[in-house]
Amino acid sequence: MNNNQLILKEKFIKYFSSILEEDLMNEILEVGHFDTIAAGELLVDVGDNLTHIPLIFKGSVKIIRHINEDGELVIYYLKTGDTCAISFINCIESKKSVFEGIVETDMEACFIPLDKVDEWLVKYKSWRRYIIDSYHFRLMEMLASIDGLAFNTLNERILTYLTSMSERSNENVLHITHQQIANDLNTSRVVISRIMKQLQNEGKIVSSRNNIELLE
DNA sequence: ACATTAAGTGATT
DNA sequence: AATCACTTAATGT
């Protein structure tokens, strides 16, 4: 057991001990696989066989839905305290992921093997609670995502996209290109550029090559 | 200096 | 709001 693992475990305890009961925490510390994953890494790809579920205690993961070869859309983000219950339920049946997950900001997580996830549902009340809550939360996030698509203008979608990204990174200045935003929102770069200029004129942002500063 | 990548723009649908 | 067909600007080698 190296030092790094101990530090990760301590952080994990700090964040999760208020949510999960003690016996369960001890079991997690025993069977969980603690790891750090750098920003930009591909956590899961569409069709991947899932073997573990992450309990995230630092960083964020971008969850992307692929429609065709060239169509993709960001559905939601997993953050500290989150797990992906959607993929767990899905795993019981097919064991294959329907989403792509890319680490957005450096992540620290504890990976739980699937059979344990299942076993603990019966064994621990706090685990049941946590998984069900998480499932509910994912569903709400997905609803928000659908609402955004159906009822918001692209203008509004871009603003929410930028502010939520700023919240996750605790930064007012985002290092991102118009092209990347276009990819995440499934639109074209030209359209983003035009709206960005509009937002700049409205005094909401300052945009320059490779970075966007959010005002207010 | 030249090539590559990011962003701006007018016209068209 | 999307696409085309550019132009201009910023950066890397």
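Residues numbered from 1 in each chain as written. Chains lettered and ligands numbered in written order. Predicted model: local features only at pLDDT ≥ 70, side-chain atom pairs only at ≥ 80, totals over all residues. Heavy atoms only, no water.

A. Spotlight on the overall build of chain A. Looking only at helices and strands, chain A features eight helices and eight strands. Overall, chain A is about 55 × 35 × 25 Å in size when its C-alpha atoms are taken along their principal axes. Counting only residues that meet the buried cut, chain A has 42% of its 216 residues in that class. Long-range pairs, those at least 24 residues apart, make up 72% of the contacts in chain A between residues at least 6 apart in sequence. If you sum the accessible surface of chain A, you get close to 12000 Å²; carbon and sulfur atoms cover 52% of it. Both charge centroids of chain A, one from 22 positive and one from 32 negative side chains, sit 3 Å from each other. (Helix = DSSP H or I, 4+ residues; strand = E, 2+ residues; numbered from the N terminus. Buried < 20%, exposed > 50% of the residue type's maximum accessible area, 1.4 Å probe, protein only. Contact = heavy atoms within 4.5 Å. Areas by Shrake-Rupley, 256 points an atom, 1.4 Å probe, with all protein chains shown as cover. Lys, Arg positive; Asp, Glu negative; His and termini not counted. Charge placed at Lys NZ, Arg CZ, Asp CG, Glu CD.)

B. Here's a closer look at the protein's contact with DNA strand B. Close contacts around DNA strand B come from Thr177, His178, Arg189, Val190, Ser193, Arg194, Lys197, Ser208, Arg209 and Asn210, and that covers them all. Here Arg189 contributes a side-chain N or O atom positioned 2.4 Å from a base nitrogen of DNA strand B. A distance of 3.2 Å is found between a phosphate oxygen of DNA strand B and a backbone nitrogen or oxygen belonging to Asn210. (Near = heavy atom within 4 Å. Polar contact = N/O pair within 3.5 Å; in protein donor to acceptor, adjacent residues only side chain to side chain.)

C. Main features of the pattern of salt bridges. Overall, the coordinates contain 10 salt bridges when judged by the stated rule. The partner of Asp133 in a salt bridge is Arg129, with the nearest N and O atoms 3.0 Å apart. You can see Asp133 and its partner Arg129 sitting in helix 5 (residues 125-151), four residues apart, about one turn around the helix. For Asp133, a relative accessible area of 38% puts it in the partly exposed group. Among the salt bridges present, the one from Glu202 reaches Lys204, with a minimum N-O distance of 3.2 Å. (Salt bridge = Lys/Arg side-chain N within 4 Å of Asp/Glu carboxyl O.)

D. View of helix 2 (residues 22-31). Within helix 2 the residues assigned to the buried category are Leu24, Met25, Glu27, Ile28 and Leu29. Buried positions along helix 2 lie against helix 1 (3-16), strand 1 (33-37), strand 3 (52-66), strand 5 (100-113), helix 4 (114-123) and helix 5.

E. Spatial organisation of unusual backbone geometry. In the Ramachandran plot, Asn186 falls in the positive-phi region, its phi being about 55 degrees despite a non-glycine side chain. Along the chain, the position of Asn186 falls in the loop between helix 7 (178-184) and helix 8 (189-201).

F. View of the side chain of Ser166. By the element assignment, Ser166 lies in helix 6 (residues 154-169). The exposure class assigned to Ser166 is buried, which follows from its relative accessible area of 11%. Polar contacts involving the side chain of Ser166 include one to the main-chain carbonyl oxygen of Glu171, which spans 2.9 Å. Filtering out sequence-adjacent residues up to four positions away, Ser166 remains in contact with Glu171, Asn172, Leu174 and Leu214.

G. Structural context of the protein's contact with DNA strand C. What surrounds DNA strand C is the set Leu154, Thr187, Ser188, Val190, Val191, Arg194 and Arg209. A breakdown of the atoms of DNA strand C within 4 Å of the protein gives sugar and phosphate a share of 63%. At 3.5 Å from a phosphate oxygen of DNA strand C is found a main-chain nitrogen or oxygen belonging to Leu154. Interatomic distance of 2.6 Å between a side-chain N/O atom of Thr187 and a phosphate oxygen of DNA strand C. Looking at the surface near DNA strand C element by element, the count peaks at three residues for helix 8. Taken together, the residues of the surface near DNA strand C break down into three nonpolar, two polar and two charged. (Nonpolar A, V, L, I, M, F, W, Y, C, P; charged D, E, K, R; others polar.)

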